[in-house]
Amino acid sequence: MASGTPDSATLDVRGMWCTSCANALERVLQRQPGALDARVSFASESATVEWDPRRTSLDHLLAAAAKLGYECTPESETPDRRAHTAALLDDLTLRLVIAAFCSMWVMTAQTTLYFTTAATVPEPVRHGLAVLAGIATLPVVGYCAQPFFKAAWRTLRARVPGMDCLVAMGTSASFLLSLWRVAYGESTVYFDSAAMIVTFLLAGRWLELRVRSRMSDAVRALLDLPAQTARVLASDGAQTVMLAKRVATGSIIRVLPGERLPLDGVVTDGRSSLDRSLLTGESELVGVERGSFVEAGALNADGELLVCVKYGWGERRVDSIAASVRAMLARKTASQAIAERFTRRLVPAIAMIALLVFVGGGLLGMGWADALERAVAVLVVTCPCALGMAVPLALSAGVGRAAREGILFRDVEAIEKAGKLRMFFLDKTGTLTEGKPRLVSARAASGVREAELIEEAARAERGSEHPIAAAIRALVAPDRLAGAVEASRGTSRAVAGAGVAWEGADGKCILAGTAAFLRSHDVQVPEIDDANTAVHVARNGRWRGMLGFADRPREGARDAVASLRAQGATVTMLTGDRPIVARAIAQAVGLGDDSILAAQSPERKAAHIVHAQAAGRGAVAFVGDGLNDAPALAAADVGIAVGSASPASMAAASIVLVDAGIEKLDLALQLARRTARAMHQNLAAAVVYNALAIPAAVFGCVSPATAAALMVASSMSVTLNAGRLAVRTDRPPAPNGTSRPVRALSTEQTWSTS
């Protein structure tokens, strides 16, 4: 390729064990000749690479990663990540169970040795207990600790040593020193140090992976929304069902009612209504006909369509949205970069301190055996058990507590940022509202009762699967529905995207649909300025009235907005719906006109989030539920999906209100802040422990056995602190003392034409 335009790719990475692995792989990829940039994310198990095609190739970069021990493949060719995560969790569970079982026997033997002397227990018995401890430790070091040793070796090869190097050095040193003493007939051993180091850290990694395994693949959820197969028509009219990814641009595909479009294209024949709410946030169905552009993922409601494919697999709008989500999820924060630099400097420093203790002690006449014992104490006492457990334990306790409240936390960064949120962007449909069409206004002509108007509309719509048709039928009493509506003899004819004409056996003709539909049948329809979705009804050529449908605000939405504002946060509605519809909902939940951003595409929503972040006025949160919200959820510092959210939005969100709507937002933020506080307390305790223990080990005040005991004590302290978080039962009060439902928009009973 002669062009100097850089090439780029997103890769799926297999084999990473911790953030140190991600740092090592990133460093190796960046060092390759011709590589322009490389970013590796441990959380999403992905890498983005950019290279000069004149100097290198993707195959060369993949080979460099494979040489280090990591399997990288282009994301489009990767099987489901969930199966890989499940297999990794099963392997880690097995290692943890074995380590815990063996450590139990190691501690039994070591406890006897620590609390007895040769005067109370004969030396041969003590030596036998030491041998038993060594045998029980062998599976822990030889099998359970294997991932730590592999990660340590890989990071050393990449010259980016991480915390796993400390684990490997401390475990190996304590095990080998104990093995050497047993070989010489001594019973003073430190096998428990090696066993407990591995066991505690495996427990920490298991808890971390459990939390990460709850996060489904956001990109995969986005791309799974459109149909995976397409009905392709040949020139002779023959139909073939084939994978959508195999369909060429220019092909004609058939889309039946109730199916989602697999590809983007232009309608060549047919009329229908499309539900595009997951793509645009618009709650109203959109009528399409010959020449209309349609997008993959839209739901075909009530008519058959023939579509000429314009954008194939990988070029669809949903693919561009997925790419946006992927890029947002792969970002690295400033705090993450600082932590990585700290880790790279910590490990060499501790190793150097241990080496100086060993060499200095030997040269100063301490004796090489005692000097080695002191150096092992330094390595053991600095092994990051408490550091490794601090965040996962607090996170697990906070996640478990929140889960009982119907709230799902999905990453540490969102929990840490919850206390810094200063701006909230709220989606409308399904977030501030219930996401279900309901009757909010009824305007009947003079002399027409509202119940009569509803029954006539239900009679016309009785065969329709339209959401509004179902809402109309739900308004009719069951006995009247079975009698006056369902039992009426007649036939109906639907006009896609417009309305329904019903002709009864008794000669009655009922029309239900848009004002334009009724006017096309010579019905005089008054001009009505309404912010709702209007269903006009006519009988035998006379307008009978109008039923207005809209989403109602969620119960507690007003209280949730008031609570956020009471905390000093800025609240803005960010929606894809029309301004007039957005304004009505905003007024119902207590937002002013200056707090509304309406008619926004998914890309524009994400752009507003990025702009707000660039303003530097604090962390930004977005609350949403639809596919169209996924880029904004991923772009925000904290993305929050409500219980009615699509799988894609739940995948991109950092916090999911599983069993509730926005009314539990304040509780979610409170729990996130408490969890963050527990994590910070645990980390502070671990730092204080190391700050006190390292000098003590250097000056010989701490033996390897005491170091192991201190390590266990520090781990228990963070465990108990996290447990304290899990049992707290207090709940934040509602802003006004009690939560109250938001009153629905007013319903007008009659409307006169005079």
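Residues numbered from 1 in each chain as written. Predicted model: local features only at pLDDT ≥ 70, side-chain atom pairs only at ≥ 80, totals over all residues. Heavy atoms only, no water.

Asker: If you had to explain the overall build of the chain to someone new, which residues and values would you point to?
Answerer: Each helix and strand in the chain was counted, giving 26 helices and 26 strands. Counting across all 754 residues of the chain, residues that qualify as buried make up 52%. Long-range pairs, those at least 24 residues apart, make up 70% of the contacts in the chain with a sequence separation of at least 6. Split by element, the accessible area of the chain, about 32200 Å² in all, is 57% carbon and sulfur. (Helix = DSSP H or I, 4+ residues; strand = E, 2+ residues; numbered from the N terminus. Buried < 20%, exposed > 50% of the residue type's maximum accessible area, 1.4 Å probe, protein only. Contact = heavy atoms within 4.5 Å. Areas by Shrake-Rupley, 256 points an atom, 1.4 Å probe, with all protein chains shown as cover.)

Asker: Report on the packing of helix α20 (residues 557-566) against helix α21 (residues 579-589), specifying residues and quantitative values.
Answerer: For any two helices packed against each other, one specifies the inter-axial angle together with the distance between the axes. Taken N-terminus to C-terminus, the directions of α20 and α21 make an angle of 75°; their axes are 8 Å apart at the nearest point. What the angle tells us is that α20 and α21 run roughly perpendicular. Contacts from Ala 557, Arg 558 and Val 561 of α20 reach α21 at Gln 587, Ala 588 and Val 589. Of the residues assigned to the contact of α20 with α21, the class counts are four nonpolar, one polar and one charged. (Axes fitted to C-alpha atoms, helices over the stretch in contact; angles between N-to-C directions. Parallel < 35°, antiparallel > 145°, perpendicular 65-115°, else oblique. Nonpolar A, V, L, I, M, F, W, Y, C, P; charged D, E, K, R; others polar.)

Asker: Could you give an account of the sheet that holds strand β11 (residues 293-294), with specific residues and numbers?
Answerer: Pairing within the open sheet is antiparallel, and its six strands lie in the order β6-β5-β7-β13-β8-β11. Looking at which strands have only one partner, the edges of the open sheet turn out to be β6 (239-243) and β11. In terms of strand pairing, strand β8 (residues 264-269) meets strand β13 (residues 305-311) through five bridges, oriented antiparallel. The residue bridging Gly 265 from the neighbouring strand is Val 309, located in β13. (Pairing = 2+ DSSP bridges.)

Asker: Let's hear about the pairing of strand β4 (residues 71-74): which residues, and what values?
Answerer: Side-chain positions along a regular strand alternate between the two faces of the sheet. Burial of the side chains of β4 is restricted to one face: Cys 72 and Pro 74 are buried, whereas none of Glu 71 and Thr 73 on the reverse face is. Bridge count for strand β1 (residues 7-14) against β4 is four bridges, and the pairing is antiparallel. Counterpart to Asp 12 in the pairing with β4 is Thr 73.

Asker: Account for the sheet that holds strand β12 (residues 299-300), naming residues and giving values.
Answerer: The strand order across the open sheet built from three strands is β10-β9-β12, with neighbouring strands paired in antiparallel fashion. A strand with exactly one partner marks an edge of an open sheet, and here the two such strands are β10 (286-288) and β12. Bridge count between strand β9 (residues 272-275) and β12: two bridges; the pairing is antiparallel. In the sheet register, Leu 274 faces β12, and the bridge partner there is Asn 300.

Asker: Describe the side chain of Arg 316, naming the residues involved and giving the relevant values.
Answerer: Turning to its location among the elements, Arg 316 is positioned in the loop between β13 and α10 (317-329). A polar atom in the side chain of Arg 316 sits 2.9 Å from the backbone oxygen of Pro 262. (Polar contact = N/O pair within 3.5 Å; in protein donor to acceptor, adjacent residues only side chain to side chain.)

Asker: So what's going on with the packing of aromatic side chains? Which residues, and what values?
Answerer: Within the structure shown, the criterion is met by three aromatic pairs. Aromatic side chains Phe 293 and Tyr 311 sit 6.2 Å apart centroid to centroid with 75° between the ring planes, which places their arrangement in the edge-to-face category. Here Phe 293 is found in strand β11, whereas its partner Tyr 311 is found in strand β13, with 18 residues between them in sequence. A cation over an aromatic ring shows up here: Arg 154 above the ring of Tyr 70, its NZ or CZ 4.7 Å from the ring centre. (Phe/Tyr/Trp six-rings, centres within 6.5 Å; stacked < 30°, edge-to-face > 60°. Lys NZ or Arg CZ within 6 Å of the ring centre and 35° of its normal.)

Asker: Account for helix α4 (residues 123-144), naming residues and giving values.
Answerer: The terminal C-alpha atoms of α4 lie 31 Å apart, and with 22 residues this matches the ideal 32 Å at 1.5 Å per residue to within 8%. Restricting attention to buried positions, one finds in α4 the residues Arg 126, Leu 129, Ala 130, Ala 133, Gly 134, Ala 136, Thr 137, Val 140, Val 141 and Cys 144. (Expected span 1.5 Å × (residues − 1).)

Asker: Tell me about the packing of helix α5 (residues 146-157) against helix α6 (residues 163-183), residues and numbers included.
Answerer: One can describe the packing of α5 onto α6 by two numbers: an axis separation of 8 Å at closest approach and a directional angle of 120°. With respect to α6, the element α5 is oriented oblique. Of the two possible hands of crossing, α5 and α6 adopt the one that is left-handed. Mapping the contact onto sequence places Phe 148, Phe 149, Ala 151, Ala 152, Thr 155 and Leu 156 in α5 and Asp 164, Cys 165, Val 167, Ala 168, Thr 171 and Ser 172 in α6. A breakdown of the residues in the contact of α5 with α6 according to their chemical character gives eight nonpolar, three polar and one charged. (Left-handed = near helix turned anticlockwise from the far one by under 90°.)

Asker: Lay out unusual backbone geometry in plain terms, naming residues and giving numbers.
Answerer: Its identity is not glycine, yet Asp 522 carries a phi of approximately 65°, on the positive side. For Asp 522, the location among the structural elements is in the loop between α19 (515-519) and β20 (533-539). A residue is classified by how much of its surface remains accessible, and Asp 522, at 70% relative accessible area, is exposed. Non-glycine residue Asn 540 carries a positive phi angle of around 50°.

Asker: Let's hear about the confidence of the model for the chain: which residues, and what values?
Answerer: Averaged over all residues, the pLDDT of the chain is 78; the fraction at 70 or higher stands at 79%. In the model, residues 729-754 has pLDDT below 50 throughout and makes 56 contacts with residues more than four positions away in sequence or in other chains. (pLDDT = per-residue confidence, 0-100.)

Asker: Outline the nonpolar core, listing residues and values.
Answerer: Within the largest apolar cluster, 84 residues are counted, with the highest numbers of intra-cluster contacts made by Leu 11, Met 16, Trp 17, Leu 25, Val 49, Phe 148 and Leu 202. Ignoring any residue separated from it by four or fewer positions in sequence, one finds Phe 148 in contact with Trp 17, Asp 164, Val 167, Val 198, Leu 201, Leu 202 and Arg 205. Listed in part, the 46 residues of the second largest apolar core include Ile 596, Leu 671, Ala 672 and Met 679. (Core = buried A, V, L, I, M, F, W, Y, C linked by side-chain atoms within 4.5 Å.)

Asker: So what about the environment of Ile 98? Which residues, and what values?
Answerer: Secondary-structure assignment places Ile 98 in helix α3 (residues 81-114). Residue classification places Ile 98 among the partly exposed residues on the basis of a relative accessible area of 27%. Placed 101 residues apart in sequence, Ile 98 and Thr 199 show a C-alpha to C-alpha distance of 9.0 Å. Among residues more than four places away in sequence, those in contact with Ile 98 are Tyr 143 and Cys 144.

Asker: Give a detailed account of the pattern of salt bridges, specifying residues and quantitative values.
Answerer: With the rule as written, the count across this model stands at 17 salt bridges. Several salt bridges share partner residues, and in doing so they unite Glu 452, Glu 456, Arg 539 and Arg 544 into one network. (Salt bridge = Lys/Arg side-chain N within 4 Å of Asp/Glu carboxyl O.)

Asker: Can you lay out a nonpolar patch on the surface for me, pointing to particular residues and giving the numbers?
Answerer: A cluster of nonpolar residues, Met 352, Leu 355, Leu 356, Val 359, Leu 363 and Trp 368, forms a patch on the protein surface that exposes about 620 Å² of accessible area. In terms of residues, the nonpolar patch owes the most to one element, helix α11 (residues 334-363), which gives five residues. In this fold, Val 359 is placed in helix α11. Residue Val 359 is classed as partly exposed on the basis of its relative accessible area of 33%. (Patch = residues over 30% accessible without salt bridge, like charges linked within 9 Å, V, L, I, M, F, W, Y side chains within 5 Å.)

Asker: Pulling in residues and values, what's your account of the state of the cysteines?
Answerer: By definition, a disulfide links the sulfur atoms of two cysteine residues through a covalent bond. Tallied over the full model, the rule gives zero disulfides. Not engaged in a disulfide, the cysteine Cys 144 finds its nearest cysteine sulfur in Cys 102; these two sulfurs lie 6.3 Å apart. Owing to a relative accessible area of 0%, Cys 144 belongs among the buried residues under this scheme. (Disulfide = S-S within 2.5 Å.)

Asker: Before we move on, can you summarise the pairing of strand β25 (residues 638-641) with the specific residues and values?
Answerer: Side chains Val 638 and Ile 640 project from β25 onto one buried face, and the interleaved Gly 639 and Ala 641 project onto a second face that is buried too. Pairing between strand β24 (residues 619-624) and β25: four bridges, direction parallel. When the bridges of β25 are listed, Phe 622 appears paired with Gly 639. Relative to strand β26 (residues 655-656), β25 runs parallel, the two being bridged by two bridges. The residue of β26 that forms the bridge with Ala 641 is Val 656.

Asker: Help me get a handle on the environment of Trp 368, residues and values and all.
Answerer: Tracing the chain through its elements places Trp 368 in helix α12 (residues 368-382). The spacing of Trp 368 and Phe 358 is 10 residues in sequence and 7.3 Å in space, taken between C-alpha atoms. Apart from residues lying up to four places away in sequence, Trp 368 is in contact with Phe 358, Val 359, Gly 362 and Leu 363.

Asker: Kindly report on the environment of Val 610, identifying the contributing residues and their values.
Answerer: Structurally, Val 610 can be placed in helix α22 (residues 602-614). Sequence separation between Val 610 and Val 620 is 10 residues, and the spatial gap between their C-alpha atoms is 8.9 Å.

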